[in-house]
Each structure stands twice: as C-alpha cells, then as structure tokens.
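# A look at the structure
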Amino acid sequence: VDTSAPELKGANITDKSRCTVEAAISNKSHGTGMAEILVARDFGVAPDAALLTYQVFSKDDPSAGTCEVGGKRINSIAHLINQAIDDGAQVISIAHGSSSQSDELKWAVSRAMRRGVIVVASVGNNGRDENDTHLSQWSGVVGVSAITSDGKFANYSSWGNGVTTAAFGNPVTSLNYETGKNEETYGTSNSTALVAGMLALARQKWPEATANQTLQVLTRTGLNPNHEWNKYTGYGAANIGPLVNTDPSQYPDENP
C-alpha cells in the first residue's frame, strides 16, 4: 500500500509487515486501491477505521525480499492472519486467492473465529466455481462475490459454496501505477473491501456485539428475496443501512 497516495492523506494506516517484498508495480496499484476503498478520507467506506497493512509475495513480484526465514515464508496467508489477530485486528480483508488447504491455514482461520476476528475474502474473477482456490473454502470465512451497478451478478465473478454475500465490483476508479493514469477496475477484490468496510462500521456501531452476531445480521439483511442463500450471491448483496442499524444482540452468538 502506497501510504503517500494523496487519496490516503489523513488516513490512519500502519504497515505491520515484518518483512519487505520487492513488489511489482501492478501489486502496488492493487493494494493501494483496496486501502482507498476502505479508509480514504473523502470516499472510503470506513474512513475512521485504523488500517493495518501487510505484504504478501506474488509470482509477479521481482523478489520475496526478507520474507524467507530459515526456509519458511513468514508472509504466508496463514502467518499473516495470525499476525493480524495478534496485532488487534477486528476485521481482516483479503483480496487474494489461496489454494492451500494446509493445517496451518485451517488453524489460522479457526483461531480467527475463536478470537472474534472476522475474515472477509474475495472468491475470484474467473467466472466459475473456484471455491477450492480461495479462502471461502473454509467454514466461517465471509466469501464475497461481485455484482454490477444494476444489481446483477457480474459475469466475471466466481462463485461456489463459500459465498456469503456480494457487493459492487465495477467500475471502480483507481490509479494504475504502471501508466500513471486513473483507470476503471473490476473484480471481487473491490467487493471484498466494500464488505469489510461495512462490517467495520457495524462493529463500530455495536462494540458490545460479538463477531458472530454481526455476521448473523449480515446474512439476515442480505438483499436476496427472503435472504435466501444461493451459490452466486450468498444471502444477497450486503445491505449497508440495515447491517449497521440493526442491533445484533437479538441474534445468537453463533457463526452463521
């Protein structure tokens, strides 16, 4: 995340990475764009939230930098989920695929649920069921698909059993660091940042509610008819008004 981006001026952002990736410019564009959706003072969903950022290594990056210690990656998704929990995160937003089904990742997700930390993750942009290559494969993770501005399911959005909710995916204007120009982006990454921001607002409004109760509200206020679940939009697009204004204490402390 480029914290010097003018759109992020005044935002409360702390880079908590314990290693340094030599990132590809395209990944800088993506990370910064997600941060802006979340906490940009002028247009972010949750501009008063404290955002902790972490670097992961992508195959597009020139080098893994200092992220290999003793032959083990200290910036794997599982490691970073655990680190974010230790750093006090309440909502974790991950716009990144993960084909791993390792015990390490399973227990990281389980620990997040046990500690009341909500994990929100994108479901992919390949227009197919690819639940097994994204974090939504794990029970308890909020999988997010994409809809377009007319409320229809986006044809590029992936889907599957792990989808919990959906949100606007395109077009979202963001700076392309390679060209130096603003461009319209699309994807479930945009949707994921929007939902994570909405959940942050709900947690701010109802600080005594548990994470599970907050997720109960998310599923019970989704915009599908009768909030019924399907593999494309989950319980329906996240509905920001009722999500933030419904008292979660009336619902059971159980992950839906």
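It should be emphasised that the depicted structure is a prediction, and the values quoted were computed from it without experimental measurement.

## Side note on the pairing of strand β9 (residues 172–176)
Across five bridges, the pairing between β9 and strand β10 (residues 181–185) is antiparallel. Across the sheet, the residue bridging to Leu-175 is Asn-182, located in β10. Hairpin connection between β9 and β10: a loop of four residues separates the two successive antiparallel strands, and Gly-180 in this loop has a positive phi of roughly 75°.

## Here we look at the layout of surface pockets
Considering only enclosed or pocket space, the second largest pocket measures out at about 290 Å³ in volume. Gly-140, Val-141, Gly-162, Thr-164 and Pro-256 are, among the 18 residues lining the second largest pocket, the residues nearest its centre. Counting residues per element, the ones that place at least two in the lining of the second largest pocket are β8 (163–168) and α5 (211–220).

## Here we look at the sheet that holds strand β5 (residues 91–94)
Ordered by their spatial adjacency, four strands build an open sheet running β5-β6-β7-β8, and the pairing between neighbours is parallel. Looking at the sheet topology across the chains shown, the edges are occupied by β5 and β8. In this sheet, neighbouring strand axes are inclined to one another by 30° on average, regardless of whether the strands run parallel or antiparallel. Where β5 and strand β6 (residues 118–122) come together, four bridges link them in parallel fashion.

## Considerations on empty space enclosed by the protein
One pass over the structure, following the stated rule, counts one cavity of 30 Å³ or more. Estimated volume of the largest cavity: approximately 50 Å³. As for the largest cavity, its lining consists of Ala-112, Met-113, Gly-116, Val-117, Ile-118, Val-119, Gly-140, Ala-211, Asn-212, Leu-215 and Asn-255. For the lining of the largest cavity, the secondary-structure elements that each account for two or more residues are α3 (103–114), β6 and α5. Element by element, the count of residues in the lining of the largest cavity is highest for α5, at three residues. Partitioning the lining of the largest cavity into residue classes produces seven nonpolar, four polar and no charged.

## Side note on the environment of Val-1
Mapped onto the elements, Val-1 comes out in the segment before β1 (12–15). Exposure remark for Val-1: the relative accessible area of 42% places this residue in the partly exposed category. With 30 residues separating them in the primary sequence, Val-1 and Gly-31 have C-alpha atoms 4.9 Å apart. Leaving out residues up to four positions away in the same chain, Val-1 has contacts with Leu-8, Gly-31, Thr-32, Ala-35 and Thr-53.

## Looking at the nonpolar core
In terms of nonpolar packing, the biggest core is built from 30 residues, with Val-120 and Leu-199 touching the most fellow members. Looking at this core, the elements with two or more residues in it are α1 (25–39), β6, β7 (142–147), α4 (188–205) and α5. Top contributing element to this core by residue count: α4, with seven residues. In contact with Leu-199, not counting residues within four places along its chain, are Val-91, Ile-118, Val-120, Thr-214, Leu-215, Leu-218 and Leu-243. With 18 residues, the next largest nonpolar core counts Leu-105, Val-117, Leu-135 and Val-141 among its residues.

## Here we look at the packing of α4 against α5
Two elements in contact, α4 and α5, have axes whose closest approach is 11 Å; the angle formed by their N-to-C orientations is 120°. Here α4 is positioned oblique relative to α5, judged by the angle of their axes. For the crossing formed where α4 meets α5, the hand is right-handed. In contact with Leu-199, Ala-202 and Arg-203 of α4, α5 contributes Ala-211, Thr-214, Leu-215 and Leu-218.

## Concerning helix α2 (residues 77–86)
Across the ten residues that make up α2, a large majority, seven, are buried. Of all the positions in α2, only Ile-77, Ala-78, Leu-80, Ile-81, Gln-83, Ala-84 and Ile-85 are classed as buried. Packed against the buried residues of α2 are β5 and α3. Positive phi shows up at Gly-88, right after α2, with a value of about 95°.

## Regarding the packing of aromatic side chains
All chains considered together, the criterion is met by three aromatic pairs. Chaining the aromatic ring pairs together yields one cluster made of Phe-153, Trp-159 and Tyr-232.

## Let's talk about the side chain of Asn-170
Take Asn-170: it is sitting in the loop between β8 and β9. Among the polar contacts made by the side chain of Asn-170, one reaches the side chain of Tyr-156 at a distance of 2.7 Å. Aside from chain neighbours lying at most four places away, what touches Asn-170 is Ile-147, Thr-148, Ser-149, Tyr-156, Thr-185 and Tyr-186.

Reading the values: the criteria
Residues numbered from 1 in each chain as written. Predicted model: local features only at pLDDT ≥ 70, side-chain atom pairs only at ≥ 80, totals over all residues. Heavy atoms only, no water. Pairing = 2+ DSSP bridges. Helix = DSSP H or I, 4+ residues; strand = E, 2+ residues; numbered from the N terminus. 1 Å grid on protein atoms, 1.4 Å probe; cavity = no way out; pocket = protein on both sides within 12 Å on 5 of 7 lines; lining within 4 Å. Points joined across faces, edges and corners; volume = space filled by probe spheres on them. Axes fitted to C-alpha atoms, helices over the stretch in contact; angles between N-to-C directions. Nonpolar A, V, L, I, M, F, W, Y, C, P; charged D, E, K, R; others polar. Buried < 20%, exposed > 50% of the residue type's maximum accessible area, 1.4 Å probe, protein only. Contact = heavy atoms within 4.5 Å. Core = buried A, V, L, I, M, F, W, Y, C linked by side-chain atoms within 4.5 Å. Parallel < 35°, antiparallel > 145°, perpendicular 65-115°, else oblique. Left-handed = near helix turned anticlockwise from the far one by under 90°. Phe/Tyr/Trp six-rings, centres within 6.5 Å; stacked < 30°, edge-to-face > 60°. Polar contact = N/O pair within 3.5 Å; in protein donor to acceptor, adjacent residues only side chain to side chain.

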